[in-house]
Each structure stands twice: as structure tokens, then as C-alpha cells.
Amino acid sequence: MTTTDRGAPTTAGSTGAGVTVTRRPMADGRELLYFDDGGHAVVHDGVDHRDLGAAAEAGTMRLDVLTGEWVTIAAHRMTRTHLPSRADCPLCPTRDGGHPTEVPEGDYDVVVFGNRFPSFSGDAELDPGVPEPRAGLPDRPALGRCEVVCFSSNHSASVSELTRRRMRTVVAAWAQRTAELSATPGVAQVFCFENRGEEIGVTLAHPHGQIYAYPYVTPRTAAVLTQARAHARRTGGHLLRDVLHHEQRAGTRMVLAGEHWSAYVPTAARWPVEVHLAPHRDVPDLAALDAPERDELADVYQELLRRVDRFFPGVDRVPYIAAWHQAPVGEGRELARLHLQVFSVLRAPGKLKYLAGSESGMGAWVNDASPETIAARLREVAS
């Protein structure tokens, strides 16, 4: 991929499936990438004329010496945009005569750009790497990347309602950004995710997701790697592969199975609605998927989201988080395996699962729904 300058747009070629990428600079120096569906050529010559000032600088990371985990302090996010009206949505296209948005074009397919209010920012290349956690470690700049992925220019769209071609473009964008960010010195792990619904904490209603490029391996991944190492020593197997095979053999928690992907509810599901999607082949991340795997993913991903939306009678759009767990860039990469986790905080129509005393205070989870019942319902509401 080539890097754009502040002059003409740079078309960076195809990501596969005919998807093309065009890079453009934003007014404050952030980068915007247009991912265009295959089958048509588009010139993106809109210019961001807003007076934004300089892009946000990195916050700080502090070590919690009680747990050995990093906490990012990003106080500038307190002023981020919160539930604007549709007319003021910053993720919609900039229409003729309308107020300028983050996308200076009248329409788009999929766009990715640097978050204006990032948890991690700055040039990750300047960071030689986060040292091992230890007491007395001084604050460190929270260097990394936070990007926004807009799935459609349609403010009211849902990911499950996108055309198959558009969903394939979204998959291509995830894969391209995973590859490029993973190759950036100082990045330890790339996380693609979507938050949907005010119950989740979403502050913008426009259909979008995010991508975080962390300068350290996240606590969830670090815990999985610890378990995977112990499993490998004990059995010689690969933990995440063996979990998939176990669920396929058991069958009681399986939700769907394709040629390249299978979905199941985990044995120890924590959420009232939770389902995992895993490729049949051992791959570390989205960038490593081949064309047939990406094509099928575009189908099964949307099917899972449609089933989640039908889970509760009378609820049209269930709030959810769709989280792609990818292998870290460096040490432990061979122990991890790509998989998706989709879950909801909704435990019944109009009722939420709160992370109360046991979960929030002690990290000890209690789930009121059995995984087998969750799986049965997700099978029942199949298209």
C-alpha cells in the first residue's frame, strides 16, 4: 500500500474481490480510506475544508500493579460527540449544502479513518515497545491507532441488512487494516469490533465499527495464551482448535456449520446471548483468510446477526458487541486462533444484565441463561 500526500487521491489498488482502496488526507492530518465495492470505479476528490486544529495526541498508560494490567487515561474523550441528531451525524456523507462531516463526499461504500477522539493515538513507530509490567513503571504515552469503520453511507442501515457485496467489502476492509496495522512497529495486537445500541454505550447511531491497534497484548488475549500454553504442554494440542472440535462433536451447543466456518455457544458462556464463530482452518487473523473463507464469512456473519436480532420476541434490534479475537503480532501468535465473539447485554425484553458486585468487583461471572438454551434458541430462529 502506498501513502497518500495532501495532493491528489491515491488509489492503492485492489484488496481482493474487486474492492479498491483510495486514501485521502483529512483536515487535521488523519487519514481516510475509501473501500469501494467491486464492479465500479469511483473518483474520490472531496476535500476536507474543516478547521479542526491538530489531531488528538496520545493519552497515557498507567500500570495497575495489583493486576499487572495497563489502564489507558484518555481524558480528552470526555468531550467526544454524544448521540447527535441525524442531521448532525459526523459519519454521514457531506451532502451538498449540508454541514461538513468526517467524510467529504456525497456518498460512499465503506470508509475507514482515524478516530477524532482516540483512546490510542500518535505514531506507534516511535514507541520501542511496552516493557513487561512491573511496579514503579512510569506513565507511558498511549501510542497506537484507533480507527472508525463506517459500513454504509445509509444512516439507518444495519450490518445484517447490507448487500452481500457490501458485506464482502467490509470483510476486505477489516483484513486490509489488520494487515497494515499489524505491520506497524510498536503495535502488539489488532482488534476489530462493532458496538450496536445505546444499551452498549454507543454514542453514534450511524452503522459503524472500530479498530484498535494496541501497543500491548490485551488482558483477555494474555489469559487465553496462558491457558493455551498449559493445554499444549498437557496434551500437545492447540486449545482453540480443540475447543471447536469438542463443540462439533458434542453438537448440543452448535448453532450453524458451513464449509469453512462453524458457530457455537461456548460451554461457559458469560452473557445471556453469546455465540462464537470460528474458521475450520487454523488462521491467526482476518488478513490470513483466503478468498473462499472471506466469501462464506460475508454470509454466515450476517446470518448470525439476524439470528441475534430475532432472539427476543418483540425486539427488533438487539444491542450487541461483535468482537474479533485475533492473534497478537509477536510472541504467542502460534497459540492464538481467529474467532468472533458476538454477545448482548439484553437478558430479556426491556431488561439488561448488569455487571454488578460479583462480576465487576471480583471478576467472577454468573450467567442466568444456560449455553444449551441459548444455542437452541439461535438454531430455532434460523432464516
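Heads up: the structure comes first, above all this text.
Throughout what follows, the structure given in this document is the object of discussion. (Residues numbered from 1 in each chain as written. Predicted model: local features only at pLDDT ≥ 70, side-chain atom pairs only at ≥ 80, totals over all residues. Heavy atoms only, no water.)

1. Brief notes about the pairing of strand β12 (residues 261-264)
So, step 1. Alternating positions in β12 separate into two faces, Trp 261 and Ala 263 on one and Ser 262 and Tyr 264 on the other, with burial throughout.
So, step 2. Here strand β11 (residues 254-257) pairs with β12 via three bridges, running antiparallel. Of the residues in β12, the one forming a bridge with Met 254 is Tyr 264.
So, step 3. Counting the residues that bridge the hairpin from β11 to β12 gives three residues.
So, step 4. Bridging between β12 and strand β13 (residues 273-279) involves four bridges; their strand directions are antiparallel. (Buried < 20%, exposed > 50% of the residue type's maximum accessible area, 1.4 Å probe, protein only. Helix = DSSP H or I, 4+ residues; strand = E, 2+ residues; numbered from the N terminus. Pairing = 2+ DSSP bridges.)

2. Structural notes on helix α3 (residues 239-250)
So, step 1. With twelve residues, α3 should cover 16 Å at 1.5 Å per step; its first-to-last C-alpha distance of 16 Å lies within 8% of that length.
So, step 2. Among the residues of α3, Leu 239, Leu 240, Leu 244 and Glu 247 are the ones counted as buried. End-on view of α3: buried residues confined to an arc of 140°, all on one side of the axis.
So, step 3. Those residues of α3 that are buried lie in contact with α2 (219-235), β11, β12, β13 and β15 (339-344).
So, step 4. Following α3 by one or two positions, Gly 251 has its phi on the positive side, about 80°. (Expected span 1.5 Å × (residues − 1). Arc of directions from axis to C-beta. Contact = heavy atoms within 4.5 Å.)

3. Considerations on the sheet that holds strand β4 (residues 60-64)
So, step 1. In space, the three strands of this open sheet follow the order β5-β4-β7, with antiparallel pairing throughout. Each edge of the open sheet is held by one strand with a lone partner, namely β5 (69-73) and β7 (140-141).
So, step 2. The pairing of β4 with β5 spans five bridges and is classified as antiparallel. By the bridge assignment, Arg 62 is partnered in β5 with Val 71.

4. Section: empty space enclosed by the protein
One simple way to see leftover space: roll a probe sized like a water molecule over the atoms.
So, step 1. Under the criterion given, the structure shown has two cavities of 30 Å³ or more.
So, step 2. Arg 220, Thr 221, Val 224, Leu 240, His 325, Gln 326, Ala 327, Ala 336, Arg 337 and His 339 together form the lining of the largest cavity.
So, step 3. By residue number, the principal contributor to the lining of the largest cavity is α2, which donates three residues.
So, step 4. If you add up the space inside the second largest cavity, you get close to 40 Å³.
So, step 5. The wall of the second largest cavity is formed by Leu 240, Leu 244, Tyr 264, Ala 278, Arg 337, Leu 338 and His 339. (1 Å grid on protein atoms, 1.4 Å probe; cavity = no way out; pocket = protein on both sides within 12 Å on 5 of 7 lines; lining within 4 Å. Points joined across faces, edges and corners; volume = space filled by probe spheres on them.)

5. With respect to the packing of α2 against α3
So, step 1. Interhelical geometry of α2 versus α3 gives an angle of 80° and a closest axis separation of 9 Å. By the angle between their axes, α2 is roughly perpendicular relative to α3. Only Leu 239, Leu 240 and Asp 242 of α3 make contact with α2, whose side of the interface consists of Val 224, Gln 227, Ala 228, His 231 and Thr 235.
So, step 2. A class-by-class count of the residues in the contact of α2 with α3 yields four nonpolar, three polar and one charged. (Axes fitted to C-alpha atoms, helices over the stretch in contact; angles between N-to-C directions. Parallel < 35°, antiparallel > 145°, perpendicular 65-115°, else oblique. Nonpolar A, V, L, I, M, F, W, Y, C, P; charged D, E, K, R; others polar.)

6. Examining the packing of aromatic side chains
So, step 1. Using the criterion set out here, one finds 15 aromatic pairs in the structure.
So, step 2. Seen in terms of ring centroids, Phe 193 and Tyr 212 are 5.3 Å apart; in terms of plane orientation they differ by 80°. Their pairing is edge-to-face. One end of the pair, Phe 193, is in strand β9 (residues 189-196); the other, Tyr 212, is in strand β10 (residues 208-214), with 19 residues separating them in the sequence.
So, step 3. Note on Phe 193: relative accessible area 9%, which makes it buried. (Phe/Tyr/Trp six-rings, centres within 6.5 Å; stacked < 30°, edge-to-face > 60°.)

7. Remarks on the pairing of strand β14 (residues 320-325)
So, step 1. Of all six residues in β14, six are buried, a share of seventy percent or more.
So, step 2. Alternating residues of β14 divide into Tyr 320, Ala 322 and Trp 324 and Ile 321, Ala 323 and His 325, and every residue in both groups is buried.
So, step 3. Pairing between β9 and β14: five bridges, direction antiparallel. Each bridged residue has a counterpart across the sheet, and for Phe 193 the counterpart in β14 is Ala 323.

8. Brief notes about the nonpolar core
So, step 1. One finds Trp 174, Leu 297, Tyr 301 and Trp 324 to be the most contacted residues of the largest nonpolar core, which totals 56 residues.
So, step 2. Apart from the residues lying within four places of it in its own chain, the contact partners of Leu 297 are Val 171, Trp 261, Leu 277, Leu 286, Leu 289 and Trp 324.
So, step 3. In terms of nonpolar packing, the next biggest core, distinct from the first, is built from 17 residues, Trp 70, Phe 191, Tyr 216 and Phe 343 among them. (Core = buried A, V, L, I, M, F, W, Y, C linked by side-chain atoms within 4.5 Å.)

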